[in-house]
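Read off the chains here:
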Amino acid sequence: MFATRHTPLHALRWLGIGLLGAWLGSCAKPQTSPVIVVGNARFEFLTPSLVRMEYSPSAKFVDAPTAVVQKRDWPAVRVEATDKDGWLTAASGVVTLRYRLRSGPFTAANLEVRWSDPAGAAHAWHPGDRDPLNLGGLTYSLDNVSEANLPAGQSDLASPVNDAIPGIDLKLPEAKPGLLSRSGYAFIDDSPTPVWSAEKAWIELTEYAQLCGPIPMIPRWVLGPWITDFNFEYFPDSAESRRPDFQRYNQQYLEDEVSRLRQSQIPFDALILDFAWHNYGWEGGYDWSPLIPHPQELMDRLHGQGIKLSLNDHPGYVNTVQSILSFDDSQAPEVLKALGRPPPPSPRFDLDLSALWSFRTDHEAGGWKPIRVGPWQEGGYGSYRGIGWYRASVQLPSKLPDALYLYLGEVGKTYRIFVNGREATHSDAHWPRRLTYTDVTPYVKAGQRNEIVVRVEPGERGGDGILRGPVALRDVEPPKRIYFDLSNPRQADVFMRELHGPLMREGVDVWWVDGGNGAVDMPGLNKQLWANKVFYDYSQRESGRRGFILSRYGDWGSERYPAFFTGDTYSEWPVLAYEVAFTARGGNVLVPYITHDIGGFHGAKLDFDLYARWIEFGVFSPLLRLHSAHANPREGNLRMPWVYGSEGIALMRKYFTLRTQLIPYLYSYAWRAHQESLPILRPLYLEYPDLEEAYRHSREYFFGREMLVAPVLDPSGNQTVYLPPGSWIDFFSGKRRPGGVTFTAHYAVDETPVFVREGAIIPEQAPSEYSNAKPLDPLIVNVYGAGEGSFDLYEDDGVSLAYAQGASAHTPIRHARGGDGLEQLLIGPTQGTFQGQLEERSYELRIHTTDRPSSISVDGRPLSPWTWDADQTTAVATLPRRSIRERMSVAWR
């Protein structure tokens, strides 16, 4: 599909694209139909500037939506089409398409689209053209991104170089071009995508069509701060699970952590539990781990404090044979039955070898010493980094089964195995699988003592040796993994209904879909997109409320299933800087809700200035979520503010409180994202498309239309800021600055550059422990400077789907200055209704101005008392409570 743009970017909905994979037929005479079929080609003009192009060798075309593209019915467009000199020419008045008849599939030689820009300059596109002026798209994730693999220089539009996700051998592809381009066009190829069956709400292997679908409204609470913990694995029988510090990192620890945040007056809305919430680690589990002995009590306690709970889930990574559900999980029997699989055979011969091992280093000729299963570093060899040798002497009965297999639950890292002096071959264990086994049938001797020797080569990070059970001889092979193909309706239903439904009914609010690109087997289908859809749709259907997930980017169509978390980055200054630009261009692909691991994933205790700057950026991001690899029994949670003492607590209190107060502003922009397809976080060129300077500052952005943010991105604390034309006010200090200039200033570690337009109106709510702790009463209305401004406050119940049927309310707020210097603010009346709506409210007006007003009046009557903060040059007035259906007029001079 192909589209051109002739209007300023800020006046566009994001979706105005061109898509390859479209249509043609025979056309001997001029015609005016928007659908033109010429032989094996078909073209459809969806709008005067948006055309779908499709070629089919069979001349059969499919009109159904695809898994990516949803809308197929468009209003008719008048198109003049002619056939002359062997060429089809179709013109809409905006674009002209030419195709050489009977010339086969589309190439640069037989297909052309032409248009003129507003200045009259002619432009053309041909298949295969690369657009050097495209403003960028998004990559699947930023996993493993560090300074070493970021593009050279400050090329923020370029993708990370040779970036791969460790463990799954996935080299991340470059980002596809986005929907916005200074060339004036955009192009999407939806050719390989499976067609969607509207009747079945499932996909079929047929053909493809075009991308479409609105951004849904998100739950209001997700705009508040999120905290993550429990980033480690729990195996019931592991040596680590028996450690006292491991056992102390439990439900009580979590509850104490939550209490400490509340006592520190740090608001937050959601707790995310990473891997250790469930049993069996990477073997897959949906039973709660023993670290959380009373999960219902935990969920009830969290919900009683206004805290939502999200759980990490791994539906499948690409390039692995990851087990999704352990056979030891309590749900396994029912799941196997529902999948039509028999239960695994129980071994008749099962000899535990875990207590039989001795150990020596590679440098010792003898000296075998007893050792328990677990890292040899914890068995008295803490500093040893060479090859380790394990030996077990096993007496076997005189009659053995027909087959015998040695199970090793996990060995770190690689090993060789010898049975009675002969080397045997063991199975492979590609991450995240740990269990390996060896068919020892040809090597063992019945009725005798058998010697088993294991030679282990150490890994890079320690934790070496025979790490975990089972360590046993059994007469059956390990069963094939339990896996779910989410493109299979039956398997997807079992996966969600049997494993996720019960947890949601207990109180789980959101699923963190960690992975998913290995959970779908259908060719041509974006596997992550489909996994996201399955989780999102089920969550919404099961709860009866708005869906929401955290997952990686699934390419075109991802806007339908918010939100996108960017994965496991390194905690480095250049990574923070890259994330700023990356987030700003999310709107270029219709993805407004992007969240990063605030503080980075790979990085223990950070320098405080890096920690602070990441939090400051996070507060002015679409979603605010702290997470890292360092939330475990050995280290504690190193993203918690008390790691940095009182300074860290004060910083987080300041910015998390601000974030919570800005919810009315942010939620109104969430509505605009849904209704107008405009992002919350916007690159400068989205507001100033004709301003050349707007394309040169990729590391500052608009936060809504009223606020401009330029995060500090290096340890100096200095930041160079470009302010577009107009007058600007420092959001925190009230200092006035002219626009159309660039300046450099120093910002203390707890300060960040944020500016508001002269005349801006920013609604806030009172400080609270979480976003929905109090009714929006009073509504705090901030008016900045004397310029004209307006804001439409959006409200609804924050959780239900009733907004789609119009259950919502809008309150207009307008500010203007008269020629006589009189300034006037008009509030309301509110239009619309929703369940739980306030019928009346009070307002706190904050007038950010240079001079103390001489008077303030409400509906023509003097208001008294009101206060003046000379340091902040702000007048604060409490306005009388009244019905939201009445208009209020406030004036001052």
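Residues numbered from 1 in each chain as written. Predicted model: local features only at pLDDT ≥ 70, side-chain atom pairs only at ≥ 80, totals over all residues. Heavy atoms only, no water.

Colleague: Could you give an account of the pairing of strand 5 (residues 50-55), with specific residues and numbers?
Modeller: Burial analysis of strand 5 places six of its six residues in the buried class, the great majority of the element. The alternating pattern of strand 5 places Leu50, Arg52 and Glu54 and Val51, Met53 and Tyr55 on opposite faces, both of which are buried. With six bridges connecting them, strand 4 (residues 41-47) and strand 5 associate as antiparallel partners. By the bridge assignment, Arg42 is partnered in strand 5 with Glu54. Once strand 4 ends, the chain turns through two residues before running back antiparallel as strand 5. (Buried < 20%, exposed > 50% of the residue type's maximum accessible area, 1.4 Å probe, protein only. Helix = DSSP H or I, 4+ residues; strand = E, 2+ residues; numbered from the N terminus. Pairing = 2+ DSSP bridges.)

Colleague: Explain the environment of Pro689 to me, and be specific about the residues and the numbers.
Modeller: Its location among the elements puts Pro689 in the loop between helix 11 (684-687) and strand 37 (701-703). Spatially, the C-alpha atoms of Pro689 and Arg182 are 8.9 Å apart, while their sequence positions differ by 507 residues.

Colleague: Got a sec to walk through the pattern of salt bridges? Specific residues and values, please.
Modeller: For the structure shown, the criterion picks out 46 salt bridges. As a salt-bridge pair, Arg301 and Glu255 come within 2.6 Å of each other at their nearest N and O atoms. Of this pair, Arg301 sits in helix 3 (residues 295-304) while Glu255 sits in helix 2 (residues 251-263), and the two are 46 residues apart along the sequence. Assessed through its relative accessible area of 40%, Arg301 is described here as partly exposed. Residues joined by salt bridges that share partners form a network here, namely Glu233, Glu283, Glu410, Arg434 and Arg468. (Salt bridge = Lys/Arg side-chain N within 4 Å of Asp/Glu carboxyl O.)

Colleague: Any chance you could break down the packing of helix 8 (residues 608-619) against helix 9 (residues 645-661) for me, citing the residues and the numbers?
Modeller: Interhelical geometry of helix 8 versus helix 9 gives an angle of 10 degrees and a closest axis separation of 10 Å. Between helix 8 and helix 9, the interaxial angle falls into the category roughly parallel. The residues of helix 9 that touch helix 8, namely those facing Phe608, Tyr611, Ala612, Ile615, Glu616, Gly618 and Val619, are Glu647, Gly648, Leu651, Met652, Tyr655, Phe656, Leu658 and Arg659. Taken together, the residues of the contact of helix 8 with helix 9 sort by class into 10 nonpolar, two polar and three charged. (Axes fitted to C-alpha atoms, helices over the stretch in contact; angles between N-to-C directions. Parallel < 35°, antiparallel > 145°, perpendicular 65-115°, else oblique. Contact = heavy atoms within 4.5 Å. Nonpolar A, V, L, I, M, F, W, Y, C, P; charged D, E, K, R; others polar.)

Colleague: Kindly report on the nonpolar core, identifying the contributing residues and their values.
Modeller: Leu273, Phe484, Leu486, Phe620, Leu825 and Leu879 are the most contacted members of the largest nonpolar core, which has 170 residues in total. Filtering out sequence-adjacent residues up to four positions away, Leu273 remains in contact with Asp229, Phe230, Leu254, Trp288, Ile292, Leu298, Leu309, Ser310, Leu311 and Asn312. Trp357, Leu406, Val419 and Val456 belong to the second-largest nonpolar core, a separate cluster that totals 31 residues. (Core = buried A, V, L, I, M, F, W, Y, C linked by side-chain atoms within 4.5 Å.)

Colleague: Explain the sheet that holds strand 38 (residues 707-709) to me, using residue names and the numbers behind them.
Modeller: Across a sheet, strands are paired by hydrogen bonds formed along the backbone, either parallel or antiparallel in direction. Taken together, six strands build an open sheet; the order of strands is 36-37-38-43-40-41 and the sheet is antiparallel. Either end of the sheet is taken by a strand with one partner, and the two such strands are strand 36 (681-683) and strand 41 (736-738). The sheet shows a mean angle of 35 degrees between the axes of neighbouring strands, direction not considered. Bridging between strand 40 (residues 727-730) and strand 41 involves three bridges; their strand directions are antiparallel. By the bridge assignment for strand 41, Ile729 is matched with Arg736.

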